[in-house]
Number of protein chains: 2
Amino acid sequence: MGAVRNNKKKVLECIQNQGPINRAAIAKDVGISLPAVMSITNELEAKKIIRSAGFVSEGVGKHPELLEIRSDYFYYIGVDVGRLHLRGTVVGQDGREITKYTTETNHGENPEQCIEDICSVIQYVVEKAAIDNGNIVGVCVAMPGLIELGSGKVIFSPNFGWKNVPLQDILNKKLSPYKVIVRNANRAQARFELRPGAEYANKKVTVFCIGLGYGIGSATIINGNMYYGASGTSGEIGHITVMPNGPICTCGNTGCLEALSSGAAIEKQGKNIARMNPDSMLCHIVDNHLEKIDAKAVFRAAALNDVECVQIIDNAAKYIGIALAAAINILDPDIIYVCGGLTKNGSDFLEKIKKYTRARQMKFAGRHVKIIQGSQDDYNVAKGATLMIQDEGNMFEKLSFLY
Amino acid sequence: MGAVRNNKKKVLECIQNQGPINRAAIAKDVGISLPAVMSITNELEAKKIIRSAGFVSEGVGKHPELLEIRSDYFYYIGVDVGRLHLRGTVVGQDGREITKYTTETNHGENPEQCIEDICSVIQYVVEKAAIDNGNIVGVCVAMPGLIELGSGKVIFSPNFGWKNVPLQDILNKKLSPYKVIVRNANRAQARFELRPGAEYANKKVTVFCIGLGYGIGSATIINGNMYYGASGTSGEIGHITVMPNGPICTCGNTGCLEALSSGAAIEKQGKNIARMNPDSMLCHIVDNHLEKIDAKAVFRAAALNDVECVQIIDNAAKYIGIALAAAINILDPDIIYVCGGLTKNGSDFLEKIKKYTRARQMKFAGRHVKIIQGSQDDYNVAKGATLMIQDEGNMFEKLSFLY
């Protein structure tokens, strides 16, 4: 019986990863007989898990039937754990969004509360989507910071102030029987850029994706595959030194990109200049409530020609340019996606970033790299997380109810 | 006949890449019948190209004979084109060095003379090695700069002042019937670090290899495979900005690592301070012939506690540390090899580089990365180049005399 169950999972995964696919191809891929495949696929069809996707139209002789997973059977949950928000989404097999939910939060220094909130959001979206637990393949929780490869432990998240939080283990226990994986938010964002239907989906492209938000991170996709690095911590471009004697960073170092160009850094610089210039446009924008100053306010003041705010934004772009040029010189990617909340403040910022990157990248190196505005969908990290669950091996391992 | 010749090449390549290997495994790999393999391997044995490597010792039943390429049949030529030297080596199938040769040169701005010198060195080592042209599988010429993927064109080499020199095409014409490939010197150096017999040979390691010489470059090996990037120009760590308002670099930018920490930069800084301090240890070392000051002299003066030279070396290490920390944060490699002429000036320099890298890399990111002194063999680039020829597909394509 064990072997039969195992074969069912293998057939399902084969259809998931390669479908629409015909039965003979499944038999070859899984390494079982055609009659065995027919028996399993008949059962999966009867259970309304898979369906016909038409017939092979080319070639002579018999035109075999193609099978695919039904778009209304399996569902995937993605959660985006941001410093100031928590977003959850449920998508179907075909990527269709079933439901979504956002709540404002502040999870600095408090993993327990954050974990409770993550669980609440997941329960809420599952209820809202009105789907059976049994139809949920898994959950991917994406958050900023160093996530240990394999264990899904949060080794260090400077913006959350977390160290060594075994988040994946905790969530798997709390959310059983769901399968939960924890991934870095920048990888989820990068994964979303190559979502089905996107320009470079399923292409063997090398992509560098920078996320400019409250913090700064990045992810690299090499020849179409997510790159993790030797210990799973690659992509910490926010913590490369771009000004050796620069300001102190949350990571403990000085002059990191994040300490100069992140949303948090822009906010801090805005507050500093506002204190000294009570008549400035920036103070006017927040009605002199300086505690209300955030990166968005600084961008707005800059757009209204507040000279010091223009300087803050220009400086932020300058150091992002230096960091992206370093990434181009080292990695030579096909594409750079510039993502994250900071890019939602008008196109000038991206243009400045491009200008400084081009000025700093080595002449003739990475000549063909495209620098592109990333998706501005609020749910890009959450949706990318659902794709990361789909990319997992053994994704159906917890679905014992199938059999 | 074409198909038969093609099969011979495939069998040879299979034995080259996978040997020692038995005939049945060759048949499976190449996709031809066992009798066909036996006919080809008999001929190759008779021509003394391959030989028996004993028998499979495990398992029951027949113990099939293993075949390998004879170490005294095929030879590979590697050339290291440095800014101030030209080195050639000939190695056998087993990596044994047959002969080597070094000449001092100065190839700035003059590709024609350099190409003539490369050809002379190759002809000289072939004569010295006393081997038949027909036994030379190919030549790999390694030099610093941006080498176009596929074409082997030198797009830009700041230290040589070259732009758009179709070096691989020119050398293939001049050196016919040899097959010539042109590669970046840092990749050859990195390849040599994983040479057969080395600690991490044939391991799926991710390696970042920095070359600190007259210029500064690097190469990355990901999971045991050489990484080139989308256009072949990855690894230009010498041209990432580490001091935004720093000195002008040969590439045209300002504040590049190479402009602060390379042999050329150390030499320049040494000459500057020597002019102002005629009584300094540095001036004494070169007998007041300031034109004789090079990086080595600055290192020697620093070792003798010339305060300003100590400062130059410390600064150079500091910026190398910043750049390596950036590479760790972005790539998260298993190993960093620190290579190149500058590392031949005592172990203090490597210790300083390690200290500054550790201070600058993000806390907990790339925790397990080892920073190791690379090979100090003068011929590491040339020997690495011979391995790059061996790594090539279709390496036997020019050996028509075989058939």
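Note that the coordinates shown come from a computational prediction; the quantities given were computed from them, not determined experimentally.

I'd like a description of the overall build of chain A, backed by residues and values.
Broken down by element type, chain A carries 13 helices and 16 strands. By the compact-globule yardstick of 22 Å for 403 residues, chain A fits well, its C-alpha radius of gyration being 24 Å. Each principal axis of the C-alpha atoms in chain A carries an extent, and together these give about 80 × 50 × 35 Å. Contacts in chain A between residues far apart in sequence, at least 24 positions, make up 59% of those at least 6 positions apart.

How would you sum up the sheet that holds strand E3 (residues 65–69) of chain B? Please name residues and give values.
Residues and elements named next belong to chain B. Judged by pairing direction, the sheet is antiparallel, and its three strands sit side by side in the order E1-E3-E2 without closing on themselves. Each edge of the open sheet carries a strand with a single partner, namely strand E1 (21–22) and strand E2 (50–55). Here E2 runs beside E3; their pairing, made up of four bridges, is antiparallel. By the bridge assignment for E3, Arg-51 is matched with Glu-68.

Can you tell me about the packing of helix H8 (residues 263–276) of chain A against helix H10 (residues 295–303) of chain A, naming the residues and giving the values?
All names here are of chain A. Contact geometry of H8 with H10 gives a least axis separation of 8 Å together with a crossing angle of 65°. Every pair of crossing elements has a handedness; the one defined by H8 and H10 is left-handed. Where H8 abuts H10, its residues Gly-263, Ile-266, Glu-267 and Gly-270 lie against Ala-295, Ala-297 and Val-298. Considering only residue class, the contact of H8 with H10 consists of four nonpolar, two polar and one charged.

Hey, could you go over the pairing of strand E13 (residues 216–222) of chain B for me, with residue numbers and the actual values?
Residue and element names in this part refer to chain B. In terms of burial, E13 is a largely internal element, six of the seven residues being buried. Where strand E12 (residues 207–212) and E13 come together, six bridges link them in antiparallel fashion. Of the residues in E13, the one forming a bridge with Val-207 is Ile-221. Hairpin geometry of E12 and E13 is characterised by an intervening segment of three residues between the two adjacent antiparallel strands. Sheet topology note: the E13/strand E14 (residues 225–227) ladder contains three bridges and is antiparallel. In the strand pairing of E14, Ile-221 is matched with Met-226. Here E13 folds back onto E14, and the loop between the two strands holds two residues, one of which, Asn-223, carries a positive phi near 50°.

Could you give me a rundown of the environment of Val180(B), with the residues and numbers involved?
Residues and elements named next belong to chain B. With respect to the secondary-structure elements, Val-180 resides in strand E11 (residues 180–184). A residue is classified by how many C-beta atoms lie within 10 Å of it, and Val-180, with 25 of them, is buried. When near neighbours in sequence (up to four residues on either side) are disregarded, Val-180 contacts Gly-138, Val-139, Val-141, Gln-168, Leu-171, Asn-172 and Leu-175.

So what's going on with the domain arrangement of chain A? Which residues, and what values?
Residues and elements named next belong to chain A. Examined at the domain level, chain A breaks down into domain 1 (2–69), domain 2 (75–193 + 381–402) and domain 3 (207–376). On a C-alpha basis, the centroid separation for the pair domain 1 and domain 2 is 30 Å. Taken together, the contacts link five residues of domain 1 with five residues of domain 2. Ranked by residues supplied to the side of domain 1 that touches domain 2, first place goes to helix H1 (residues 2–18) with four residues. Across the side of domain 1 that touches domain 2, the residue classes tally to two nonpolar, no polar and three charged.

Can you explain the relation of the copies chain B and chain A? Please cite residues and give values.
When chain B is fitted to chain A, the residual RMSD is 0.1 Å, and the transformation amounts to a turn of 180° plus an axial shift of 0.1 Å. These values place the two chain copies in the arrangement generated by a two-fold rotation axis. Most of the interface of chain B is mirrored in chain A: 100% of its interface residues are interface residues there too.

I'd like a description of the packing of H8(A) against helix H11 (residues 307–331) of chain A, backed by residues and values.
Residue and element names in this part refer to chain A. For the pair H8 and H11, the least separation of the axes is 10 Å and the interaxial angle reads 155°. Judged on the interaxial angle alone, H11 and H8 are roughly antiparallel. Seen along the crossing, H8 lies across H11 with a hand that is right-handed. On H11, the residues touching Ile-266, Gln-269, Gly-270 and Ile-273 of H8 are Glu-308, Cys-309, Ile-312 and Ala-316. Here the residues of the contact of H8 with H11 sort into five nonpolar, two polar and one charged.

Give me unusual backbone geometry: which residues, what numbers.
Residue and element names in this part refer to chain A. With an omega of 10°, the peptide bond running from Ser-176 to Pro-177 counts as cis. Within the secondary structure, Pro-177 is located in the loop between helix H5 (167–174) and strand E11 (180–184). Here the phi dihedral of Asn-164 falls at roughly 50°; this positive angle occurs in a residue that is not glycine. Considering the arrangement of structural elements, one finds Asn-164 in strand E10 (residues 162–165). Of note in the backbone geometry, Phe-364 takes a positive phi value of approximately 75° without being a glycine. Inspection of the secondary structure puts Phe-364 in the loop between helix H12 (348–360) and strand E16 (370–373). Judged by the 19 C-beta atoms lying within 10 Å of it, Phe-364 falls in the partly exposed class.

Give me the lowdown on the interface of chain B and chain A, citing residues and values where you can.
One frequently used descriptor of interface size is the decrease in accessible area upon assembly of the parts. At the interface, 39 residues of chain B touch 39 residues of chain A. Contributing elements (two or more residues each) for the side of chain B that touches chain A: strand E9 (154–157) and helix H11 (307–331) of chain B. In terms of residue count, the dominant contributor to the side of chain B that touches chain A is H11(B) (seven residues). Looking at the side of chain B that touches chain A, its residues break down into 20 nonpolar, 13 polar and six charged.

So, the nonpolar core: which residues are in play, and what are the values?
By size, the foremost hydrophobic cluster in this structure holds 262 residues, and its most contacted members are Val141(A), Val298(A), Val141(B) and Val298(B). If we ignore the near neighbours within four places in the chain, the residues touching Val298(A) are Ile266(A), Glu267(A), Gly270(A), Leu282(A), Ile293(A), Cys309(A), Ile312(A) and Ile313(A).

A description of the pairing of strand E16 (residues 370–373) of chain B should follow, citing residues and the corresponding values.
All names here are of chain B. Here four bridges tie strand E15 (residues 335–339) to E16, and the two strands are oriented parallel to one another. Among the inter-strand pairings, Ile-336 is bridged to a residue of E16, identified as Ile-371. Crossover handedness for the path E15 to helix H12 (residues 348–360) to E16: right-handed.

Help me get a handle on helix H5 (residues 167–174) of chain B, residues and values and all.
All names here are of chain B. Where H5 is concerned, the buried positions are Leu-167, Gln-168 and Leu-171. The arc that holds the buried residues of H5, viewed along the axis, is 95°, so those residues lie on one side. Tucked into the core, H5 has its buried residues touching helix H4 (111–129), strand E7 (136–143), E9, strand E10 (162–165) and E11.

Basis of the calculations
Residues numbered from 1 in each chain as written. Chains lettered and ligands numbered in written order. Predicted model: local features only at pLDDT ≥ 70, side-chain atom pairs only at ≥ 80, totals over all residues. Helix = DSSP H or I, 4+ residues; strand = E, 2+ residues; numbered from the N terminus. Rg over C-alpha atoms; globule rule 2.2 N^0.38 Å. Contact = placed C-beta atoms within 7 Å. Pairing = 2+ DSSP bridges. Axes fitted to C-alpha atoms, helices over the stretch in contact; angles between N-to-C directions. Left-handed = near helix turned anticlockwise from the far one by under 90°. Nonpolar A, V, L, I, M, F, W, Y, C, P; charged D, E, K, R; others polar. Buried ≥ 20, exposed ≤ 12 C-beta atoms within 10 Å, placed from the backbone. Domains from an automatic or database assignment. Least-squares fit on C-alpha atoms with pLDDT ≥ 70 in both. Parallel < 35°, antiparallel > 145°, perpendicular 65-115°, else oblique. Core = buried A, V, L, I, M, F, W, Y, C linked by C-beta atoms within 7 Å. Right-handed = clockwise from strand over helix to strand, strands pointing away. Arc of directions from axis to C-beta.

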